[in-house]
Amino acid sequence: MNNPFSRRPDNMSADQYAFLKAHWRHHHIISLARLLLIVLFLGLWELAAGRQWIDVFFFSSPSGIVSYLYQMFLDHSFFLHTGITLLETVASFLLVTLLSLLAATLLWYANSLAEVLEPYLVVLNSLPKSALAPLLIVWLGTGTNTIIVAGISVAVFGSIISLYTGFSQSDPEMLKLIHTLGGSRLDALFKVILPGSVPLIISNMKVNIGLSLVGVIIGEFLAARRGLGYLIIYGSQVFS
């Protein structure tokens, strides 16, 4: 990649130029170090497999993984299983986002309800979600619905707590101003709470997408015949 700071622009001071050039250099050194680290890891793994320092039957090798992945591309099974898991994850993520926003808003709007439900939310959030998967199968049967619910269960309670806590910590001076000017609690919600919580909501969504994927994989471990979770279980059983 060409260095955009090989020559100082006329409209830039020497100090600015030195800072930006040092920042550019640092960024590319870090990127190169990351790339070298993964290349070194894969190279050592391939070398250890080739020299039989490790048992290839259990640990495989990068070349073996690429070869099997290529076969999955040819028979389209990779796209099938990945697409199903992606669809279930997106559905879980959207439902988690919607449910957590609605629930956190309701808890903020009704303080008494929040005081009643908050300890239960903490307990539900602390439950090991993998333990819920067998119960979901009993309640809902096997299928896509069970997997989506499993994805929701992993993320929704923590998301509600996080959003409600953020809503409760909104700027009190802004809320006081809204009420002083005759605004209602609903006005405070739409003019202060939600606009001021946009960074929190986005940050929460970043966490939820990963948790939804974890929940979907857990669900696919137990209740699926397609998807990446099913592939993991199948591979662990046949060592393929």
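Model, not experiment: these values are computed from the prediction. (Residues numbered from 1 in each chain as written. Predicted model: local features only at pLDDT ≥ 70, side-chain atom pairs only at ≥ 80, totals over all residues. Heavy atoms only, no water.)

1. A word on the overall build of the chain
Inference 1: Scanning the chain from N- to C-terminus turns up 11 helices and 0 strands.
Inference 2: Taken from the N to the C terminus, the helices and strands of the chain come in the order α-α-α-α-α-α-α-α-α-α-α.
Inference 3: Relative to the globule expectation of 18 Å for 240 residues, the C-alpha radius of gyration of the chain, 25 Å, shows a markedly less compact shape.
Inference 4: Principal-axis analysis of the C-alpha atoms places the extent of the chain at approximately 75 × 70 × 30 Å.
Inference 5: Scored against the burial criterion, the 240 residues of the chain give a buried share of 30%.
Inference 6: Sequence-distant contacts in the chain: of pairs separated by 6 or more residues, those separated by 24 or more amount to 64%.
Inference 7: Taken as a whole, the chain presents about 15,600 Å² of accessible surface, with 69% of it coming from carbon and sulfur.
Inference 8: With 13 positive and 12 negative side-chain charges, the chain shows a separation of 8 Å between the mean positions of the two kinds. (Helix = DSSP H or I, 4+ residues; strand = E, 2+ residues; numbered from the N terminus. Rg over C-alpha atoms; globule rule 2.2 N^0.38 Å. Buried < 20%, exposed > 50% of the residue type's maximum accessible area, 1.4 Å probe, protein only. Contact = heavy atoms within 4.5 Å. Areas by Shrake-Rupley, 256 points an atom, 1.4 Å probe, with all protein chains shown as cover. Lys, Arg positive; Asp, Glu negative; His and termini not counted. Charge placed at Lys NZ, Arg CZ, Asp CG, Glu CD.)

2. Quick notes on the packing of helix H4 (residues 77-109) against helix H5 (residues 111-126)
Inference 1: Where H4 meets H5, the axes come as close as 6 Å, and the angle between the chain directions of the two elements is 130 degrees. In terms of orientation, H4 lies oblique with respect to H5. Counting all contacts with H4, which are made through Leu106, Leu107, Trp108 and Tyr109, the residues of H5 involved are Asn111, Leu113, Ala114, Leu117 and Leu121.
Inference 2: Looking at the contact of H4 with H5 residue by residue, the class counts come to 8 nonpolar, 1 polar and no charged. (Axes fitted to C-alpha atoms, helices over the stretch in contact; angles between N-to-C directions. Parallel < 35°, antiparallel > 145°, perpendicular 65-115°, else oblique. Nonpolar A, V, L, I, M, F, W, Y, C, P; charged D, E, K, R; others polar.)

3. A closer look at the nonpolar core
Inference 1: Ranked by size, the top nonpolar core spans 22 residues in total, and within it Leu107, Trp108, Val156, Tyr164 and Ile193 carry the most contacts.
Inference 2: Elements represented by at least two residues in this core include exactly H4, H5, helix H7 (144-168), helix H8 (172-180) and helix H9 (185-196).
Inference 3: Top element by residues in this core is H7. It accounts for 9 residues.
Inference 4: When near neighbours in sequence (up to four residues on either side) are disregarded, tyrosine 164 contacts Ala104, Leu107, Trp108, Ala114 and Glu118. (Core = buried A, V, L, I, M, F, W, Y, C linked by side-chain atoms within 4.5 Å.)

Everything listed is a geometric property; what it means functionally is a separate question.
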